[in-house]
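Chain by chain, the residues:
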Amino acid sequence: MAVALRLAPSADPGLLDVQRRLAASDLMRMGGAVVASLADEATVTALRDEAMALWDSAETVSVAEPRDEDRRRGDPDRWLDWATGGPALRRFYRRRDVLDLLGRLTGIAWEPSGDQGMYSYYRRPGQYLGLHRDIDTCDLAIITCVHDVVPADPGTSGTLCLYPGRTAEPLSRVRATPERGRVFLRLPVGRSLILLGGMIPHTLLPVAPGHIRIVAPLCYMARG
């Protein structure tokens, strides 16, 4: 899935330099998104058990409208539950082999954007994450599916929708023509999506009744 990339304007010279380097990277030549097996069976089990242990403490986040979407990254409309991860997710977030892989794919050294990651729970009919680009400290993201109970006929329930060919367009324009250039992706349990989330517009479509999906989205920023 190769795409021709054009960069949206940025007022931050450092951020623009990172984006230019990413534009020439192997990851962008792959379409800006790669599905990989980063977690072995034991790690997936540990992540799932931790996410389920945090089930009752997860908080609901609901934002009805995107806020300043054409100038501000990472603040979409959304309805989901989330919880701060524990030791299992912290270990996965900082694994040296994962960081090395990100470096090989992009030619850039990366580090976690925070001390701890989050689990996102889509467990009520209609929960979703609206169209967005990730925040400035999340040019590169890893989204790992840790639990997925799918209804008999899921359709697009809980599916990621990516727009790899529309990196230079304002989100309002992508939102106005959502069928153009979209790529659907359903991550199986235990698989991870490595995504240039600060550049590629993406959304998670609403979950259908009976669908329970838990993912661990992790953000990385260029080192230094």
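Small disclaimer: the values here were computed from a predicted structure and weren't measured. The numbers attached to residues start from 1 for each chain and follow its sequence in the written order. Totals for whole chains, interfaces and linings use every residue, but because this is a predicted model, local features are given only for residues with pLDDT of at least 70 and side-chain atom pairs only at 80 or more, for both listing and counting. In computing side-chain properties, one takes all heavy atoms of the structure into account and sets aside hydrogens as well as water.

Undergrad: For the side chain of Glu 169, give the residues involved together with the corresponding values.
TA: Strands here mean DSSP runs of E at least two residues long; helices mean DSSP runs of H or I at least four residues long; both are numbered from the N terminus. For Glu 169, the position within the fold is in the loop between strand S8 (160–162) and helix H6 (171–176). Contacts: residue pairs with any heavy atoms within 4.5 Å of one another. Ignoring anything within four residues of it in the chain, the contact list for Glu 169 reads Arg 133, Val 174 and Arg 180.

Undergrad: Which residues make up the state of the cysteines, and what values go with them?
TA: The bond known as a disulfide is covalent and runs between the sulfur atoms of two cysteines. We call a pair of cysteine sulfur atoms a disulfide when they lie within 2.5 Å. On inspection of all chains with the given rule, the structure shows one disulfide. Across the disulfide from Cys 138 sits Cys 219; the S-S distance is 2.1 Å. Taking the torsion about the sulfur-sulfur bond, which here is approximately -80 degrees, the covalent link between Cys 138 and Cys 219 counts as left-handed. Here Cys 138, found in the loop between strand S6 (128–132) and strand S7 (140–149), pairs with Cys 219, found in strand S12 (residues 212–222); they are 81 residues apart in sequence, far enough to count as distant. The rule is simple: take the accessible area with a 1.4 Å probe, protein chains only, and divide by the maximum for that residue type; under 20% is buried, over 50% is exposed, in between is partly exposed. Accessibility expressed as a relative area gives 0% for Cys 138, which makes it buried. Judged by relative accessible area, which is 23%, Cys 219 ranks as partly exposed.

Undergrad: Let's hear about the pattern of salt bridges: which residues, and what values?
TA: The salt bridge criterion pairs a side-chain nitrogen of Lys or Arg with a carboxyl oxygen of Asp or Glu, the two atoms within 4 Å. Tallying each qualifying case throughout the model produces 18 salt bridges. Ionic pairing is found between Arg 29 and Asp 26, a salt bridge with its closest N-O pair at 2.3 Å. In this pair, Arg 29 and Asp 26 both sit in helix H2 (residues 26–29), three residues apart, roughly one turn of the helix. Close ionic contact of Glu 69 with Arg 175 constitutes a salt bridge, the shortest N to O distance being 2.8 Å. Of this pair, Glu 69 sits in the loop between strand S2 (59–63) and strand S3 (78–84) while Arg 175 sits in helix H6, and the two are 106 residues apart along the sequence. On the accessibility criterion, Glu 69 (17% relative accessible area) is buried. You can call Arg 175 partly exposed: its relative accessible area is 32%.

Undergrad: Break down the nonpolar core for me, citing the residues and quoting the values.
TA: The nonpolar core is taken to be a set of buried Ala, Val, Leu, Ile, Met, Phe, Trp, Tyr and Cys residues, with the residues joined through side-chain atoms within 4.5 Å. Counting 50 residues, the largest nonpolar core has Trp 110, Tyr 119, Leu 140, Leu 193, Ile 194, Leu 196 and Tyr 220 as the members making the most contacts within it. Contacts of Leu 193, omitting those with residues within four sequence positions, involve Ala 33, Val 34, Val 35, Ala 141, Ile 142, Ile 143, Leu 160, Leu 162, Leu 185 and Leu 187. Leu 131, Cys 161, Tyr 163 and Leu 205 belong to the second largest nonpolar core, which has six residues in total.

Undergrad: Provide a residue-level description of unusual backbone geometry, including the pertinent values.
TA: With a phi close to 55 degrees, Asp 68 is a non-glycine residue in the positive phi region. Taking relative accessible area as the criterion, Asp 68 reaches 39% and is therefore assigned partly exposed.

Undergrad: Break down the environment of Gly 117 for me, with residues and values.
TA: Note that Gly 117 resides in the loop between strand S4 (110–112) and strand S5 (118–122). Note on Gly 117: relative accessible area 3%, which makes it buried.

Undergrad: Please provide a residue-by-residue account of the pairing of S6, values included.
TA: The buried fraction of S6 is high, at four of five residues. Bridge analysis of S3 against S6 gives two bridges, and the strand direction is antiparallel. Bridging across to S6, Trp 79 finds its partner in Tyr 128. Pairing between strands requires that DSSP locate at least two bridges from one strand to the other. Of the strand pairs in this sheet, S6 and strand S11 (residues 202–204) are connected by two bridges, and their pairing is antiparallel. Counted as the bridge partner of His 132 is His 202 from S11.

Undergrad: So, the environment of Asp 139: which residues are in play, and what are the values?
TA: Position of Asp 139 relative to the elements: it lies in the loop between S6 and S7. Separated by 117 residues in the primary sequence, Asp 139 and Leu 22 place their C-alpha atoms 9.2 Å from one another. The term polar contact refers here to a pair of N or O atoms within 3.5 Å; inside protein, the definition further demands a hydrogen-donor-capable atom paired with an acceptor-capable atom, and it admits residues adjacent in sequence only when both atoms are side-chain atoms. At a separation of 3.1 Å, a polar atom in the side chain of Asp 139 contacts the side chain of Arg 73.

Undergrad: Any details on helix H3 (residues 41–53)? Residues and values, ideally.
TA: Residues separated by three or four positions in an α-helix point in the same direction, a consequence of the helix having 3.6 residues per turn. For H3, spanning 13 residues, the distance from its first C-alpha to its last is 18 Å, which sits close to the expected 18 Å at 1.5 Å a residue. What H3 keeps buried is the set Val 44, Leu 47, Glu 50 and Ala 51. Projected down its long axis, H3 carries its buried residues within an arc of 130 degrees, all on one side. Opposite the buried face of H3, at more than 90 degrees from it, the exposed residues are Glu 41, Ala 42 and Ala 53. For H3, the secondary structure elements touched by its buried residues are helix H4 (87–93), S5, S7 and S12. Between the first and last residue of a helix there are one fewer steps than residues, each counted as 1.5 Å, and that sum is the expected span. Note: the arc covers the axis-to-C-beta directions of the helix.

Structural measurements only, silent on function.
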